[in-house]
Amino acid sequence: MPPHPLATTPLHFGPFPITPQIFHLTPLSFALVNLKPLLPGHVLICPRRVVPRLSQLSTAEISDLFLTVQRVSRMIERVYAADALNVAVQDGVAAGQSVPHVHAHVIPRRNGDMEGRGGGDRVYEMLEGEEGDVGAALREVERQRKREAEGNRAFAKPDAERLPRSLEEMEEEARALAKEMEREVD
């Protein structure tokens, strides 16, 4: 497999190195695939500078972050044939933020995709609960980095059965999404 195009640019999501999961990079922001997506295509967009709160970003950073959210959202909606998107920022621990680094969730949605899980708004409960606790999942991955990937990781499974994806799975998705981002025009 060829080297990751961003491999020479070490970036972090909070304290966690995530360069292989990045699929889009701007001067001030980056987009990465999610370790434990709530639904297929759930990605994150972060400023390059690690800051915990939205209010700590400069005007240039906030502008670049949300322009990147907009651009990535168009691509995600197209690639995942979504009917709509959830775009969410959990700004601080009390709001459910599990990694102390500003990030926007982009989650592609289809009509009826959450019927079996309590309805469309259930996604917000999932983001705030264990299912959306990316920080805990990242810490678990660091503890068990060498663990073999296990079986089928269906997205509709309860959190206890939804296992973190392997670095290889995330890097493969990041490469595919990076190619799709090349097709996006402003």
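The structure we're discussing is the one just above.
Here the structure is a predicted model, which is why all the values come from computation and not from measurement.

The rules behind these values
- Residues numbered from 1 in each chain as written.
- Predicted model: local features only at pLDDT ≥ 70, side-chain atom pairs only at ≥ 80, totals over all residues.
- Heavy atoms only, no water.
- Helix = DSSP H or I, 4+ residues; strand = E, 2+ residues; numbered from the N terminus.
- Buried < 20%, exposed > 50% of the residue type's maximum accessible area, 1.4 Å probe, protein only.
- Contact = heavy atoms within 4.5 Å.
- Areas by Shrake-Rupley, 256 points an atom, 1.4 Å probe, with all protein chains shown as cover.
- Pairing = 2+ DSSP bridges.
- Axes fitted to C-alpha atoms, helices over the stretch in contact; angles between N-to-C directions.
- Core = buried A, V, L, I, M, F, W, Y, C linked by side-chain atoms within 4.5 Å.
- Polar contact = N/O pair within 3.5 Å; in protein donor to acceptor, adjacent residues only side chain to side chain.

Enquirer: Run through the overall build of the chain, naming residues and quoting values.
Expert: The secondary structure content of the chain amounts to 4 helices and 7 strands. From first element to last, N terminus to C terminus, the chain shows the α and β order β-β-β-β-β-α-β-β-α-α-α. Within the span of the chain, comprising 186 residues, buried residues form 48% of the whole. At a minimum sequence separation of 6, the contacts of the chain that also span at least 24 residues come to 63%. For the chain, the exposed surface amounts to about 9400 Å²; the carbon and sulfur share of it is 53%.

Enquirer: Could you give an account of the sheet that holds strand β5 (residues 43-47), naming the residues involved and the relevant values?
Expert: What the 5 strands build is an open sheet, ordered β3-β4-β5-β7-β6; its pairing is antiparallel. The open sheet has two free edges, formed respectively by β3 (22-25) and β6 (84-89), since each of these has just one partner strand. The average angle at which neighbouring strand axes cross in this sheet is 20°, direction not considered. As judged from the 3 bridges shared by β3 and strand β4 (residues 29-33), these two strands associate in the antiparallel manner. Bridge pairing in β4 links Ile22 to Leu32.

Enquirer: Explain the nonpolar core to me, using residue names and the numbers behind them.
Expert: By size, the foremost hydrophobic cluster in this structure holds 21 residues, and its most contacted members are Phe23, Val43, Ile45, Val72, Ile76 and Leu177. Among the secondary structure elements, those contributing two or more residues to this core are β4, β5, α1 (59-79), β7 (104-109) and α4 (167-182). Discounting residues that sit within four places of it in the chain, Ile76 has contacts with Gly41, Val43, Ala81, Leu85, Val106, Pro108 and Leu177. Core analysis: the second largest hydrophobic core is formed by 10 residues, Ile18, Phe30, Leu44 and Val99 among them.

Enquirer: I'd like a description of the pairing of β4, backed by residues and values.
Expert: Counting buried residues along β4, 5 of its 5 residues qualify, which places the element largely inside the surrounding structure. Across the two faces of β4 the burial is the same, with Ser29, Ala31 and Val33 and Phe30 and Leu32 all buried. Bridge analysis of β4 against β5 gives 5 bridges, and the strand direction is antiparallel. For Leu32, the partnering residue across the bridge sits in β5 and is Leu44.

Enquirer: Run through the side chain of Gln97, naming residues and quoting values.
Expert: Topologically, Gln97 is positioned in the loop between β6 and β7. Among the polar contacts made by the side chain of Gln97, one reaches the main-chain carbonyl oxygen of Pro52 at a distance of 3.0 Å. Sequence-distant contacts of Gln97, that is, excluding residues within four places in its chain, are made with Pro52, Gln90, Asp91, Gly92, Val102 and His103.

No statement about biological role is implied by the geometric values presented.
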